[in-house]
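Spelled out from the first residue to the last, the chains are:
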Amino acid sequence: MTIISVGYFLDEVFFVRNAENWTEIKRNGIMESYLFFSLLTVSCVYFIYMVYRRICYIRLGRPVEHTGRPLQRWKYFAANVLGQKKIRRDPLFGLYHTFIMYGFVLLLPGIPSMISERFLHTGLPFVANNAPYLFIKDLFIALVMVGIIGCLLRRTISKPEWLKNDTEAIGLLLLIVTVVSIEALYHGANLASQPGGGTLWPAPLAGALSGLFINKPAEATGTAASIFWWAHFLAIFSLLWIIPNSKHLHLVFAPFNTYWHSLEPKGAIKKTDLDGGDGKTFGVNQMEDLTWKQLLEAYACTKCGRCNDQCPAFQSGEPVKPKPLQGRLRKHIEERAPLVLMQRSRRGIKQVASGQAQAVLKKKIAGNVFKKDFIWGCAMCGSCEEACPVSVEHTPKIIEMRRYLVLAKKDFPDEMRRYFANVEAFGNPWGVNRNDCTGWLESFGANAVAGSNGAEYVFFAGCAASFDARAGRVAAALINIMKEAGVSFATLGADEWCCGETARRMGNETLFQQIAQNNIRKWQELGVRKMITACPHCYNTLKNEYPQFGGNCEVIHHSVLLAGLLTEGRLKPAINNNLTVTYHDACYLGRYNGIYREPREILSALPGVRLVEMQRKESCSFCCGAGGGRFWTKAGEENLIAANRVQQVIDTGASLLCTTCPYCKMLMEETLASQERQGQIQVLDIAEVLAMSM
């Protein structure tokens with residue numbers, strides 16, 4: 001039965017035109033109210049029950065604190081929910097989405113007012129007869145329709161590659177436009193039946209639409225208003241049934257997820273307590289091993305695909321796809337959580353004991369729900385989290401899966417096994433004795449050991465600079481520049497040990513904590529207070545993660561130091577090299593620590609250097625593919641991310657690629673060499689580029 005025929009039937013049965021007396025009118029009104037409030041109650045109870053059910057699932061996760069620092073949380077909430085910060089990166093769609101979101105918020109008071117008008121014959125105070133509200137309401141009905149039409153055109157005519165169309169998404173957009181357009185028609189018909197109908201103030205849209213019904217028989221106008229009223233609420237009831245079973249459940253959970261986002265430094269991995277623990281309990285093995293916040297994220301996810309669009313691995317054709325991280329987890333929660341709740345309540349023993357239920361309960365997060373290629377393939381670059389409009393945190397889940405595979409299952413690639421063995425035995429992944437590798441420091445006059453000469457800074461060279469000649473040249477250039485600028489610094493010499501960054505991101509929390517605690521103890525003995533490093537991975541770990549263990553040194557990345565020296569006039573580049581340079585934002589320097597300006601300031605200060613930017617830059621920079629341990633586990637030809645980034649570099653037409661990370665530098669050089677393009681583009685660190693101009 002169509003909406004029109006339903007409305008006509010209701011009008012015949014319930015309304016006054018066929019009523020012979022007041023008793024019949026009253027009886028029909030009561031029957032209509034019974035029908036409406038029955039539908040309203042059933043729809044609301046179903047919606048609330050389905051939301052409550054998901055809350056019960058979420059509460060199965062481990063406890064974690066996400067309520068501290070409320071002022072900072074509200075600030076973030078205001079920027080990302082109220083201000084739609086990340087969605088507005090696409091300005092036009094951001095405008096459409098803002099129209100829809102704020103439209104629904106502002107139209108909400110009109111719903112109870114329409115119910116009151118129908119059954120109490122008067123609208124709500126401050127709503128029905130409030131001129132400013134009526135004007136704003138009409139304005140936002142129009143804006144919501146503009147937003148919906150814009151979203152439909154975006155999905156059909158100018159669809160981004162990452163956006164996947166489906167019946168659910170199109171259907172919901174059509175249902176929303178039905179809700180608001182029918183509301184506008186209802187108000188138009190209602191206004192036409194009133195004295196002075198057709199005026200454009202205070203409700204211009206309703207006034208304009210009332211022209212469709214003016215001079216029509218009052219009976220026909222009343223029937224139309226009844227049809228529109230019922231169609232409007234039937235559409236709303238439909239939404240209450242559809243939303244809990246669709247991706248649009250994010251409308252309920254996403255604002256809370258945004259408020260409860262992590263306030264820790266972006267680049268910091270959460271510390272795991274290793275004291276008295278059994279290795280089998282480390283990491284994530286089952287759904288319940290995740291925190292409640294991580295389970296909440298599965299329901300907060302909009303399944304929009306922005307994470308896929310920004311993920312360098314997925315964009316390069318590797319088997320890593322961040323979008324299903326939440327989708328598959330949500331599906332697994334829906335399967336497993338009801339069974340776990342049954343077990344805990346000691347009900348439904350037969351259902352839990354069934355073969356199908358047991359198969360679900362035996363599923364492991366790492367290995368079954370998510371394949372190992374996906375778990376080990378992530379570069380930990382943070383692009384997915386930077387892109388997510390509802391602040392879903394992808395990488396912590398992957399880290400927990402890695403911890404489980406490494407610490408509990410001892411199931412990880414052979415390349416990682418060699419890496420761990422070398423770092424544990426020699427303090428570096430190359431497996432070279434530290435005492436054999438300090439000669440290059442002495443050759444540049446950097447032989448003073450921290451604690452022996454009262455230097456202001458300690459230069460933490462890092463493993464790459466100590467054991468790879470390409471990165472060693474960066475350290476040499478930096479040492480010469482610091483000496484020329486009169487920077488007071490010393491080194492740790494043979495006492496410098498790996499910082500443990502890669503071991504932690506590979507999942508070996510035990511090794512990382514051992515390294516960190518030993519390093520901190522040694523540095524405290526030497527009185528280390530300030531450190532300089534040319535490696536963003538070292539920088540991020542020393543700055544954001546060592547404080548978890550009491551290591552609170554001031555850490556400075558060399559690009560920031562060099563930019564400061566130029567600003568102070570302690571460095572005066574004079575040589576014109578006439579170079580066209582493109583700059584690669586390292587993930588752990590830019591996206592995780594927000595350092596974008598200083599490297600560009602250095603390049604702009606060099607005579608004859610012209611900077612051309614890549615399309616993927618700054619917070620949207622494309623990873624080199626070395627992070628998350630991939631430098632050690634992905635052979636050159638397997639690292640499709642690096643090949644993709646090299647092509648982006650070539651597309652700029654630059655003759656020189658400037659980096660601020662030794663691993664970016666080494667991997668870009670290796671990739672260019674494998675493509676026989678090493679003569680086409682030179683790869684240098686920012687310190688080497690600056691040294692060329694000195």
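Structure's up top.
Residues numbered from 1 in each chain as written. Predicted model: local features only at pLDDT ≥ 70, side-chain atom pairs only at ≥ 80, totals over all residues. Heavy atoms only, no water.

S.K.: Help me out: how do you make sense of the overall build of the protein in this one?
M.R.: The helix and strand tally for the protein stands at 32 helices and eight strands. Within the protein, the fraction of its 694 residues that count as buried is 54%. Restricting to contacts in the protein with at least 6 residues of sequence separation, those with at least 24 account for 78%. When the accessible surface of the protein is split by element, carbon and sulfur atoms take 58% of a total near 30,500 Å². Charged side chains in the protein number 75 positive and 60 negative. The centres of these two groups are separated by 4 Å. (Helix = DSSP H or I, 4+ residues; strand = E, 2+ residues; numbered from the N terminus. Buried < 20%, exposed > 50% of the residue type's maximum accessible area, 1.4 Å probe, protein only. Contact = heavy atoms within 4.5 Å. Areas by Shrake-Rupley, 256 points an atom, 1.4 Å probe, with all protein chains shown as cover. Lys, Arg positive; Asp, Glu negative; His and termini not counted. Charge placed at Lys NZ, Arg CZ, Asp CG, Glu CD.)

S.K.: Looking at this structure, how should I read the sheet that holds strand S1 (residues 457–460)?
M.R.: In any sheet, the strands associate via hydrogen bonds between backbone groups, in a parallel or an antiparallel arrangement. The strand order across the open sheet formed by four strands is S2-S1-S3-S4, and the pairing between neighbours is parallel. With one partner strand each, in any of the chains shown, strand S2 (489–491) and strand S4 (554–557) form the two edges of the open sheet. Within the sheet, the average angular offset between the axes of one strand and its neighbour, ignoring direction, is 35°. Note that S1 and S2 share three bridges and pair parallel. (Pairing = 2+ DSSP bridges. Axes fitted to C-alpha atoms, helices over the stretch in contact; angles between N-to-C directions.)

S.K.: Sorry if this is basic, but what is going on with the pairing of S1 here?
M.R.: Look at any regular strand and the pattern is simple: side chains alternate between the two faces of the sheet. Because side chains alternate across S1, one face comprises the buried residues Tyr457 and Phe459, and the other comprises Val458 and Phe460, equally buried. Here S1 pairs with strand S3 (residues 530–533) via three bridges, running parallel. Following the sheet pairing, Val458 is matched in S3 by Met531.

S.K.: Please explain a positive patch on the surface as it appears in this structure.
M.R.: On the surface, Lys159, Lys164, Lys321, Arg328 and Lys371 cluster together into a patch of positive charge. One can find Lys371 in the loop between helix H16 (355–361) and helix H17 (372–377). (Patch = residues over 30% accessible without salt bridge, like charges linked within 9 Å, V, L, I, M, F, W, Y side chains within 5 Å. Salt bridge = Lys/Arg side-chain N within 4 Å of Asp/Glu carboxyl O.)

S.K.: Looking at this structure, how should I read the environment of Phe140?
M.R.: Looking at where Phe140 falls in the secondary structure, it is placed in helix H6 (residues 131–156). Given a relative accessible area of 16%, Phe140 falls into the buried group. Between the C-alpha atom of Phe140 and that of Arg529, which follows or precedes it by 389 residues, the distance is 57 Å. Setting aside anything within four residues of it in sequence, one finds Phe140 in contact with Phe99, Tyr102, Gly103 and Leu106.

S.K.: Explain the packing of aromatic side chains here, please?
M.R.: Ring pairs (aromatic) are described by centroid distance and by the angle formed between their planes. In the structure shown here, the tally under the stated rule is 32 aromatic pairs. Ring geometry for Trp229 versus Phe233: centroids 4.6 Å apart, planes at 45°, classification tilted. Here the residue Trp229 and the residue Phe233 both occupy positions in helix H9 (residues 218–242), the gap between them amounting to four residues, near one helical turn. In terms of burial, Trp229 and Phe233 fall into one category: buried. With a centroid separation of 5.8 Å and an interplanar angle of 35°, the aromatic rings of Phe256 and Trp260 are classed as tilted. (Phe/Tyr/Trp six-rings, centres within 6.5 Å; stacked < 30°, edge-to-face > 60°.)

S.K.: Could you clarify how one ought to interpret the sheet that holds strand S8 (residues 682–685) in this entry?
M.R.: Read across the open sheet, the four strands follow the order S6-S5-S7-S8; overall the sheet is parallel. If you trace the sheet from one side to the other, it starts and ends with strand S6 (609–611) and S8, each paired once. Mean inter-strand twist for the sheet, computed between neighbouring axes without regard to direction, equals 35°. Relative to S8, strand S7 (residues 656–659) runs parallel, the two sharing four bridges. Bridge pairing in S8 links Cys658 to Leu684. Relative to strand S5 (residues 579–583), helix H28 (residues 597–604) is tilted by about 180°, and along the sheet it contacts S5, S6 and S7.

S.K.: In this structure, what is going on with helix H7 (residues 167–192)? I would like to understand it.
M.R.: For the α-helix, the turn length of 3.6 residues means that residues three or four positions removed from each other point alike. Spanning 26 residues, H7 covers 37 Å between terminal C-alpha atoms, matching the ideal 38 Å at 1.5 Å per step. One side-chain oxygen of the residue at the start of H7 lies 3.3 Å from the amide nitrogen of Glu168, identifying that residue as Asp166. (Expected span 1.5 Å × (residues − 1). Polar contact = N/O pair within 3.5 Å; in protein donor to acceptor, adjacent residues only side chain to side chain.)

S.K.: I keep staring at the pattern of salt bridges and nothing clicks. Help me out?
M.R.: Between side chains of opposite charge, pairing is possible as soon as their charged atoms come close. Inspection of the entire model under this criterion finds 32 salt bridges. Residues Glu400 and Arg403 are paired through a salt bridge, measuring 2.9 Å at the closest nitrogen-oxygen approach. With Glu400 and Arg403 both in helix H19 (residues 395–408) and three residues apart, this pair spans about one turn of that helix. You can call Glu400 buried: its relative accessible area is 12%. We classify Arg403 as buried; its relative accessible area is 1%. In this structure, Asp414 and Arg417 form a salt bridge, with 4.0 Å as the shortest nitrogen-oxygen distance.

S.K.: What's the story with a nonpolar patch on the surface in this structure? I'm lost.
M.R.: On the surface, Phe135, Ile136, Leu139 and Trp201 cluster together to form a nonpolar patch covering roughly 390 Å² of accessible area. Inspection of the secondary structure assignment puts Trp201 in the loop between H7 and helix H8 (204–210). In this structure Trp201 comes out as exposed when scored by relative accessible area, which is 58%.

S.K.: Would you explain the state of the cysteines in this entry?
M.R.: Each disulfide consists of a covalent bond between the sulfur atoms of two cysteine residues. A complete count under the given rule lists zero disulfides for this structure. The thiol sulfur of Cys301 is not disulfide-bonded, and the nearest other cysteine sulfur, from Cys307, lies at 6.4 Å. Lacking any disulfide linkage, Cys498 is separated from the closest cysteine sulfur, that of Cys463, by 3.8 Å. (Disulfide = S-S within 2.5 Å.)

S.K.: What should I look at first to understand unusual backbone geometry in this one?
M.R.: Negative phi characterises most residues that are not glycine, and trans characterises most peptide bonds. A positive phi angle, near 50°, is found at Gln84, a position not held by glycine. Its location among the elements puts Gln84 in the loop between helix H3 (70–82) and helix H4 (91–107). Non-glycine residue Lys303 carries a positive phi angle of around 55°. Inspection of the secondary structure puts Lys303 in the loop between helix H11 (292–300) and helix H12 (306–310). Overall, the relative accessible area of 31% leaves Lys303 in the partly exposed class.

S.K.: Just checking my understanding: could you explain the packing of helix H10 (residues 250–259) against H11 for this structure?
M.R.: For any two helices packed against each other, the geometry is given by the interaxial angle and the distance between the axes. Between H10 and H11, the least distance of the axes is 8 Å, while the angle of their chain directions is 135°. Put simply, H10 runs oblique to H11. Where H10 crosses over H11, the handedness of that crossing is left-handed. The segment H10 lies against H11, with His250, Phe253, Ala254 and Asn257 engaging Lys293, Leu296, Glu297, Tyr299 and Ala300. When the residues that make up the contact of H10 with H11 are grouped by side-chain class, the tally is five nonpolar, two polar and two charged. (Parallel < 35°, antiparallel > 145°, perpendicular 65-115°, else oblique. Left-handed = near helix turned anticlockwise from the far one by under 90°. Nonpolar A, V, L, I, M, F, W, Y, C, P; charged D, E, K, R; others polar.)

S.K.: Please clarify how the packing of helix H14 (residues 323–345) against H19 should be interpreted in this entry.
M.R.: The contact between H14 and H19 brings their axes to 10 Å, and the two run at 70°. As summarised for this structure, H14 and H19 are arranged roughly perpendicular, according to the angle between their axes. Our pair here, H14 against H19, has a crossing hand that is left-handed. Taking contact as the criterion, the partners of Leu325, Gln326 and Leu329 in H14 are, on H19, Lys397, Ile398 and Met401. Grouping the constituent residues of the contact of H14 with H19 by class yields four nonpolar, one polar and one charged.

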